[in-house]
Structure formats: structure tokens, C-alpha cells
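Structure at a glance
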Amino acid sequence: MTYKYRTHCVICSSTLVPSYTHKKQPATYCPKTTEWTTDSIIDLEYGICSSCSSVQLMTLVDPSLLYEDAHNNTQNTPTWAAHHKGFADFISDYTHMIEVGGASGALASILLKKNPDLQYSILDICPPSSMHNNITYITGNCETYSFGSEPIIMSHLFEHLYEPCAFIANLAKYGVQHVYISVPNMKKLLEDSSIAVIHIEHTYYADDRDIEYMFAKYNYKLERKRTFRDHSIFFHFTLEPAAIECPK
């Protein structure tokens, strides 16, 4: 059942040192119609980076199992509605863009309402359960997808990636100029002991400095940053042309 075993830090690539195992845990948050006795159970092993001390899950569940059913349809709650509006206002106007994830269309509907002529695509590893008008759906992996010139937006998905630096490297490879992401404010969440910061879906701890460091490794400069309550942090990164090595 295990998809892969993470041995190196997703932030700095140093070795992870196993530190704790949470035994006999459900392998997915997805709601089931069958008895709980049929749930997939897994031992979750956590490690600490030998260099930057980031805590990360080492036992990774197959994404096809982890996300096989929708289980986080919270876009209509007051907090998430305010989040989506705030993030949409944070994103500059463009003629076209690609959202990675976001199959619910919650963020897309706000952006398309602001600009009905916007050419909007959603890239996800799985096709959506329902289609929305004026949106082009693409099935693919953001870590390997051949991006074009479109700005990229990503709402609360970056922290779900198993290899976030591979995603950023892929963006840089194809020269994506503008990247907008919204992520949980993990530093604030950590202060609330009732909320699990790292789990089967959020598999590594990263505060705003960690994220800025990861993007900087691939020549992305932080243009703007904004906090949404204690809930999220919005980032706008731009590819720095002067830092790109010209082909010979």
C-alpha cells in the first residue's frame, strides 16, 4: 500500500533520521460507505532532517488511494469563502492562467466572475467528478507537466506535494514567470495544539521562510506576501530572468 518511503528532506535534500512511528493509522481521510473494519491501515513513520531539523512524514500513501473520494468540500464555509475571495483579490489580472488542483472550481468561479474572458485551465492528477463551464480540465502531474507561459496558481495544494522542489524545478524548466500559492500558516497552526500540522496529506512542516527558500533555489523571487487571518499565507513569486543561465 505504501507509495514510497521518503529518505531525504523535501526542503534542503539532507538525510531524514527516523524518530517516531504512529502505528495502525487509517491510510486515508476519505469517507467510506463500507464498515470501518475494511479501512486500509498503515504505520506512519516520521523523521527529522539531519540539517534543517524539519519534521516530515517518511511513509507516503499512494495518492490514488489518498484522494480517491472528495473529502474536503469546505469551500462554502465562511472562512474558506473569505479565503478564496482574498486569494482571488491577491492574484493580478491575466488573460490566461492554470490552477493546479482546485477541481471544485471554487476559486475559478471567483476569478472568472471578475474576468469572464479569462482562459482558465485546471491541472490535476485525477479528472474532476463534475465539469464547470469555461474551464479547460487537464489530467497530469504538476511535477512533470509541460507548462507554457500561463501564470500558475495553487490554493492549499503545495503542502500536499510529495516533492515540492520537483514542482518548482519543473516550473523553472518551462520558464513560468508568475506563481501564486496559498498555504496553511503552519507556524500559527503549530501554536494550536488541537490541530495536527503534519499528517497523511500534509507530509512536511514548512513555514514562510522554508517556502521562500525552496523557490529561491530555482531562481524565483518573492514579489509579494500577505497573511489571511491566522489561516493562510499568500505568495507571489516571479522568475528572475538575470538568474537564468542562457543556452550556449
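Let's shift gears to the overall build of the protein. Assigned secondary structure in the protein consists of six helices and twelve strands. Its C-alpha atoms give the protein a radius of gyration of 18 Å, within 12% of the compact-globule value 18 Å for 248 residues. Taken along the three principal axes of its C-alpha coordinates, the protein extends 50 × 45 × 35 Å. Relative to all contacts within the protein whose residues are 6 or more apart in sequence, the contacts with residues 24 or more apart total 64%. Accessible area of the protein: about 12,800 Å², with a carbon and sulfur share of 52%. Charge-centre separation for the protein: the mean point of 19 positive side chains lies 5 Å from the mean point of 27 negative side chains.

Next up on the list: the pairing of strand 6 (residues 96–100). The two faces of the sheet receive side chains in turn, since in a regular strand these alternate between them. By the criterion of burial, strand 6 is predominantly enclosed, with four of the five residues buried. As paired strands, strand 6 and strand 7 (residues 119–124) are joined by five bridges and run parallel to one another. By the bridge assignment for strand 7, Ile98 is matched with Ser121. Viewed along the sheet, the connection from strand 6 through helix 3 (residues 106–114) into strand 7 turns out right-handed. Sheet analysis places strand 6 next to strand 9 (residues 152–155), joined by two bridges and oriented parallel. Considered in strand 9, the bridge of Ile98 is made with Ile152.

The next thing to look at is the sheet that holds strand 3 (residues 41–49). Strand order across the open sheet formed by three strands is 2-3-4, with antiparallel pairing between neighbours. This sheet does not close on itself; its edge strands, each paired only once, are strand 2 (16–26) and strand 4 (55–57). The mean angle between the axes of side-by-side strands here comes to 25°, regardless of whether they run parallel or antiparallel. Bridging between strand 2 and strand 3 involves eight bridges; their strand directions are antiparallel.

A word on the sheet that holds strand 9. If you walk across this open sheet you meet the seven strands as 8-7-6-9-10-12-11, and the pairing is mixed. Every other strand in the sheet has two partners, leaving strand 8 (135–139) and strand 11 (220–228) as the edge strands with one partner each. Taking each pair of neighbouring strands and ignoring which way they run, the sheet shows an average axis angle of 20°.

Turning next to the pattern of salt bridges. Under the defined criterion, the tally for this structure stands at nine salt bridges. Its salt-bridge partner being Glu163, residue Lys4 comes within 2.9 Å of it at the nearest N-O pair. Highlighted residues: Lys4 in strand 1 (residues 2–5) and Glu163 in the loop between strand 9 and helix 4 (164–173), separated in sequence by 159 residues. Across the pair Glu240 and Lys221 runs a salt bridge, and its minimum N-O distance is 3.7 Å. Of this pair, Glu240 sits in the segment after strand 12 (232–239) while Lys221 sits in strand 11, placing them 19 residues apart in sequence. Taking relative accessible area as the criterion, Lys221 reaches 38% and is therefore assigned partly exposed. Shared partners join several salt bridges into a network, and the residues in it are Lys85, Asp89 and Lys114.

This part takes up the packing of helix 2 (residues 78–90) against helix 3. Two elements in contact, helix 2 and helix 3, have axes whose closest approach is 9 Å; the angle formed by their N-to-C orientations is 50°. Regarding the angle of helix 2 to helix 3, the classification is oblique. Between helix 2 and helix 3 the crossing geometry is right-handed. For the pair helix 2 and helix 3, contact is made by His84, Lys85, Phe87, Ala88 and Asp89 and by Ala106, Leu107, Ile110, Leu111 and Lys114, respectively. Looking at the contact of helix 2 with helix 3 residue by residue, the class counts come to six nonpolar, one polar and three charged.

Under the criterion given, the structure shown has 13 aromatic pairs. With centroids separated by 5.0 Å and ring planes inclined at 40°, the aromatic side chains of Phe87 and Phe234 adopt a geometry described as tilted. Residue Phe87 is found in helix 2, and its partner Phe234 is found in strand 12; the two are separated by 147 residues along the sequence. A relative accessible area of 0% means that Phe87 is categorised as buried. When its relative accessible area of 2% is taken as the criterion, Phe234 is described as buried. With 6.3 Å between their ring centres and 10° between their planes, Phe228 and Phe234 make a pair best called stacked. Among the aromatic residues, those joined into a ring-pair cluster are Phe87, Phe90, Tyr94, Tyr180, Phe228 and Phe234. A cation over a ring is seen here: Arg224 above Phe90, with NZ or CZ 4.2 Å from the ring centre.

Reading the values: rules and limits
- Residues numbered from 1 in each chain as written.
- Predicted model: local features only at pLDDT ≥ 70, side-chain atom pairs only at ≥ 80, totals over all residues.
- Heavy atoms only, no water.
- Helix = DSSP H or I, 4+ residues; strand = E, 2+ residues; numbered from the N terminus.
- Rg over C-alpha atoms; globule rule 2.2 N^0.38 Å.
- Contact = heavy atoms within 4.5 Å.
- Areas by Shrake-Rupley, 256 points an atom, 1.4 Å probe, with all protein chains shown as cover.
- Lys, Arg positive; Asp, Glu negative; His and termini not counted.
- Charge placed at Lys NZ, Arg CZ, Asp CG, Glu CD.
- Buried < 20%, exposed > 50% of the residue type's maximum accessible area, 1.4 Å probe, protein only.
- Pairing = 2+ DSSP bridges.
- Right-handed = clockwise from strand over helix to strand, strands pointing away.
- Axes fitted to C-alpha atoms, helices over the stretch in contact; angles between N-to-C directions.
- Salt bridge = Lys/Arg side-chain N within 4 Å of Asp/Glu carboxyl O.
- Parallel < 35°, antiparallel > 145°, perpendicular 65-115°, else oblique.
- Left-handed = near helix turned anticlockwise from the far one by under 90°.
- Nonpolar A, V, L, I, M, F, W, Y, C, P; charged D, E, K, R; others polar.
- Phe/Tyr/Trp six-rings, centres within 6.5 Å; stacked < 30°, edge-to-face > 60°.
- Lys NZ or Arg CZ within 6 Å of the ring centre and 35° of its normal.

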